[in-house]
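A closer look at the structure
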Number of protein chains: 2
Amino acid sequence: MFVSYEHPRPALTVDCVVFGLDEEDLKVLLIRRELDPFRGRWALPGGFVRVDEALDDAARRELAEETGLSGVFLEQLYTFGALGRDPRERVVSVAYYALVKLGDHRVKAATDAREAAWFAVDDTPALAFDHDEILPVALERLKGKVRYRPIGFELLPPKFTLSQLQRLYEAILERPLDKRNFRKKALGTGLLVELDEVEQDVAHRAARLYRFDRRKYERLEKDGFSFEI
Amino acid sequence: MFVSYEHPRPALTVDCVVFGLDEEDLKVLLIRRELDPFRGRWALPGGFVRVDEALDDAARRELAEETGLSGVFLEQLYTFGALGRDPRERVVSVAYYALVKLGDHRVKAATDAREAAWFAVDDTPALAFDHDEILPVALERLKGKVRYRPIGFELLPPKFTLSQLQRLYEAILERPLDKRNFRKKALGTGLLVELDEVEQDVAHRAARLYRFDRRKYERLEKDGFSFEI
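What counts, and at which threshold
Residues numbered from 1 in each chain as written. Chains lettered and ligands numbered in written order. Predicted model: local features only at pLDDT ≥ 70, side-chain atom pairs only at ≥ 80, totals over all residues. Heavy atoms only, no water. Helix = DSSP H or I, 4+ residues; strand = E, 2+ residues; numbered from the N terminus. Axes fitted to C-alpha atoms, helices over the stretch in contact; angles between N-to-C directions. Parallel < 35°, antiparallel > 145°, perpendicular 65-115°, else oblique. Contact = heavy atoms within 4.5 Å. Nonpolar A, V, L, I, M, F, W, Y, C, P; charged D, E, K, R; others polar. Buried area = accessible area lost by both parts, 1.4 Å probe. Salt bridge = Lys/Arg side-chain N within 4 Å of Asp/Glu carboxyl O. Polar contact = N/O pair within 3.5 Å; in protein donor to acceptor, adjacent residues only side chain to side chain. Phe/Tyr/Trp six-rings, centres within 6.5 Å; stacked < 30°, edge-to-face > 60°. Buried < 20%, exposed > 50% of the residue type's maximum accessible area, 1.4 Å probe, protein only. Pairing = 2+ DSSP bridges. Expected span 1.5 Å × (residues − 1). Arc of directions from axis to C-beta. Domains from an automatic or database assignment.

Let's talk about unusual backbone geometry
Most peptide bonds are trans, and most residues other than glycine sit at a negative phi. All names here are of chain A. Residue Pro37 is bonded to the preceding Asp36 through a cis peptide linkage, with omega at -10 degrees. Note on placement: Pro37 falls in the loop between β3 (26–33) and β4 (42–43). Phi at Glu174 is positive, roughly 60 degrees, even though this residue is not glycine. Along the chain, Glu174 turns up in the loop between α3 (162–173) and α4 (179–188).

This is the structure we're talking about:
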């Protein structure tokens, strides 16, 4: 279909910064571009917004198409609109960040992506477009937000140990945390439920498992409660 | 000029939520629309992004054109892209918020705006488009940000009393603050410089004037210092 407009207008895309956590560190999901421009280069998953599609829907669709991921935590990050960020034409991109439990999801490249893979956030290849500017903005947002919103749990399995939770915060905040202080703060939120279970198949002494009480958090949040860790 | 595209694409606009503070309360700047749709209705100042214009520049241009304001603090807020938010066609809008010292600026409607005026944030008329949804998002951002970034000073004159500063925080946070505690916190930031001057022309006992030490803040910020009030 061809459409005429009175004035030339910027094209609109979405891009997704998808974070996951494994045993070692914080990871970001990248795809290898199948098409020009930047063919063969790694990039954030994303693509053009359809004229009849809400922005969040466009982000979820592109993520599913290019990486196979769906049903993940996704929030708008920032809109990048510098001139010249795309060699083809003027393109404005609404960036999102997503948080994924690595165990639940297997990524699978498709459509415009030749390959999809997880990279340590501090060891990514040079990215296509201005994606090397988008990634640090997403990291800063995650760093700021994880302390006053319980979004970190999106990166953990439903049942986790306090050491796993601490490792998550250390990976995101990029600094070691004092174990005693951290546990006091985490348990002090009143939002961790101690389970009647311990870790399985570990060489060291099996640690207690906990879960995050999302329902309680949502109830408290309505009354103006502030999460803080 | 007419341009053809292979696919129909959303139009792109910017909208600005401009906050100011007067003796009484927190105000927002609205314009009365001169053109359809919503002709005669109050709205946030804004308009279409040009194809060769960065987003921030578009926001500053529209603000200047429609209200006469320039050189103000301006930051991107969020991008609103729900279907049907504009009756003409699919329009995605990048919203900004701006902070203005009321004494410095006189607003003056022009171009697409018939009138420009300040309204108390809790007493605005029904706005055009989805602007009634954008305003509370801007207020929430301001509320969250004023506590950990020294942006509130953008709303005050260069020299201010501690009472003025407290009134600013009370207006934004929408709750009374304990005077002694507030002063301790504010002075505790180490960023208020006590001046050798007091208020002029006041009926009550003239209070001491202070200024915000922006240079010191910028220096400290580089070393990871966190502002908190």
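There is more to say, and it comes next.
Regarding the packing of helix α3 (residues 162–173) of chain B against helix α4 (residues 179–188) of chain B
Residues and elements named next belong to chain B. The interhelical angle for the contact between α3 and α4, taken along N-to-C directions, is 100 degrees, at an axis separation of 11 Å. Taken together, α3 and α4 sit at an angle that is classed as roughly perpendicular. In contact with Leu162, Ser163, Leu165, Gln166 and Tyr169 of α3, α4 contributes Lys179, Phe182, Arg183, Ala186 and Leu187. Residue composition of the contact of α3 with α4, grouped by class: six nonpolar, two polar and two charged.

A look at the interface of chain B and chain A
Taken together, the contacts link 30 residues of chain B with 30 residues of chain A. Interface area, chain B with chain A, both sides summed: about 2800 Å², of which 57% is carbon and sulfur. At the junction of chain B and chain A, the tally comes to two salt bridges. Across the pair B:Glu89 and A:Arg9 runs a salt bridge, and its minimum N-O distance is 3.1 Å. Scanning the region where chain B abuts chain A turns up twelve residue pairs in polar contact (both at pLDDT 80 or more). When residues of the side of chain B that touches chain A are traced back to their parent elements, those giving at least two are β1 (3–5), β2 (11–21), β6 (73–80) and β7 (91–100) of chain B. Of the residues in the side of chain B that touches chain A, the class split is 18 nonpolar, five polar and seven charged.

A short note on the packing of aromatic side chains
This structure, assessed with the given rule, holds 22 aromatic pairs over all chains. Taking 4.1 Å as the distance between ring centres and 5 degrees as the angle between the ring planes, the aromatic pair formed by B:Phe153 and B:Phe212 counts as stacked. Here the residue B:Phe153 occupies a position in the loop between α2 (131–145) and α3, and B:Phe212 occupies one in strand β10 (residues 208–212), the gap between them amounting to 59 residues. Aromatic pair B:Tyr217 and B:Phe227: ring centres 6.4 Å apart, planes at 85 degrees, arrangement edge-to-face. Pair noted here: B:Tyr217 is in helix α5 (residues 214–222) and B:Phe227 is in the segment after α5, with a separation of ten residues, a long-range link. When sorted by exposure, B:Tyr217 lands in the same class as B:Phe227, which is buried. Among the aromatic residues, ring-to-ring pairing joins A:Phe153, A:Phe160, A:Phe212, A:Tyr217, A:Phe225 and A:Phe227 into one connected group.

Some remarks on the pairing of strand β3 (residues 26–33) of chain B
Residues and elements named next belong to chain B. Burial runs high along β3: seven of the eight residues are buried. Here β2 pairs with β3 via three bridges, running antiparallel. Pairing of Leu21 across the sheet is with Leu26, part of β3. Between β2 and β3, which pair antiparallel and follow one another directly, the connecting turn spans four residues. Bridge analysis of β3 against strand β4 (residues 42–43) gives two bridges, and the strand direction is antiparallel. Across the sheet, Arg32 pairs through a bridge with Trp42, a residue of β4.

As for the environment of A:Lys159
Residues and elements named next belong to chain A. With respect to the helices and strands, the residue Lys159 is situated in the loop between α2 (131–145) and α3. It is 5.0 Å that separates the C-alpha atoms of Lys159 and Arg211, two residues lying 52 residues apart in sequence. Not counting residues within four places of it along the chain, the set of residues in contact with Lys159 comprises Gln164, Leu195, Glu197, Leu209 and Tyr210. Here Glu197 takes part through its side chain, which lies 2.9 Å from a polar atom of the side chain of Lys159.

A short note on α3(B)
Residue and element names in this part refer to chain B. A rise of 1.5 Å per residue sets the reference length of α3, with its twelve residues, at 16 Å; its end C-alpha atoms lie 16 Å apart and thus fit the reference within 8%. Elements that come into contact with the buried residues of α3 comprise β2, β3, α2, α4, β9 (192–198) and β10. Of the residues trailing α3, Glu174 is marked for its positive phi of about 60 degrees.

Observations concerning α2(A)
All names here are of chain A. A rise of 1.5 Å per residue sets the reference length of α2, with its 15 residues, at 21 Å; its end C-alpha atoms lie 21 Å apart and thus fit the reference within 8%. Taken together, the buried positions of α2 are occupied by His131, Ile134, Leu135, Ala138, Leu139, Leu142 and Lys145. End-on, the buried residues of α2 take up no more than an arc of 140 degrees, which puts them together on one face. Among the exposed residues of α2, those pointing more than 90 degrees away from its buried face are Glu133 and Glu140. As for α2, its buried residues are in contact with β2 (11–21), β3, β4, β6 (73–80), β7 (91–100) and α3.

Description of the domain arrangement of chain A
Residues and elements named next belong to chain A. According to the domain assignment, chain A contains domain 1 (11–145) and domain 2 (154–222). Taken over C-alpha atoms, the centre of domain 1 sits 28 Å from the centre of domain 2. Taken together, the contact between domain 1 and domain 2 spans 13 residues of the former and eleven residues of the latter. In terms of surface lost to domain 2, no three residues of domain 1 exceed Leu21, Lys101 and Lys143, which account for 52% of the buried area on that side. Measuring nitrogen to oxygen at the nearest pair gives 2.6 Å for the salt bridge that ties Lys143 to Glu174.

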